[in-house]
Amino acid sequence: MKNPPSLALAVPSFIRFGGQGGEPEAAVTAASFPPAPQPAVEPVHPAPRKKLPPVKAWKVGGVQAPFKRADATAPLTCRNETVNGGRVKVVCQ
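Quick notes on the rules
- Residues numbered from 1 in each chain as written.
- Predicted model: local features only at pLDDT ≥ 70, side-chain atom pairs only at ≥ 80, totals over all residues.
- Heavy atoms only, no water.
- Helix = DSSP H or I, 4+ residues; strand = E, 2+ residues; numbered from the N terminus.
- Buried < 20%, exposed > 50% of the residue type's maximum accessible area, 1.4 Å probe, protein only.
- Contact = heavy atoms within 4.5 Å.
- Areas by Shrake-Rupley, 256 points an atom, 1.4 Å probe, with all protein chains shown as cover.
- Pairing = 2+ DSSP bridges.
- Disulfide = S-S within 2.5 Å.
- Salt bridge = Lys/Arg side-chain N within 4 Å of Asp/Glu carboxyl O.

1. Some thoughts on the overall build of the chain
No. 1: Helix and strand content of the chain: 0 helices and 2 strands.
No. 2: Here the chain holds 93 residues, and 1% of them are scored as buried.
No. 3: For the chain, restricting intrachain contacts to residue pairs at least 6 apart in sequence, the fraction spanning at least 24 positions comes to 0%.
No. 4: Of the roughly 10400 Å² that the chain leaves accessible, carbon and sulfur atoms contribute 61%.

2. What to know about the pairing of strand S2 (residues 88-92)
No. 1: Pairing geometry for strand S1 (residues 78-82) and S2, over 5 bridges, is antiparallel. Among the inter-strand pairings, Arg 79 is bridged to a residue of S2, identified as Val 91.

3. Some thoughts on the state of the cysteines
No. 1: In total, this model carries 1 disulfide according to the counting rule given.
No. 2: Between the sulfur atoms of Cys 78 and its disulfide mate Cys 92 the distance is 2.0 Å. Because the torsion about its S-S bond is 110°, the bridge between Cys 78 and Cys 92 counts as right-handed. In this pair, Cys 78 is assigned in strand S1 and Cys 92 in strand S2, connecting sequence segments 14 residues apart.

4. Structural notes on the pattern of salt bridges
No. 1: In total, this model carries 1 salt bridge according to the counting rule given.
No. 2: Close ionic contact of Arg 79 with Glu 81 constitutes a salt bridge, the shortest N to O distance being 2.8 Å.

Right, dumping it as structure tokens:
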């Protein structure tokens, strides 16, 4: 390459030093922009809830069996039974 290309051809005229010979800048007015967004509307709070009555503490009582023995004098016998799947359950009679 005996004569390299001029860099002046690679740079647009409006970017050149001095800014001469380029396209004039367009004046931008405020009317050309879209209107500013409106502030967000605050959400309406729902009416206050009804007051609930105070929670009453429960009394601790003895644990009772879910069944009654037919004969209170007979001893209660319990045994382990294996059911399908290998689980073991306690059976009392």
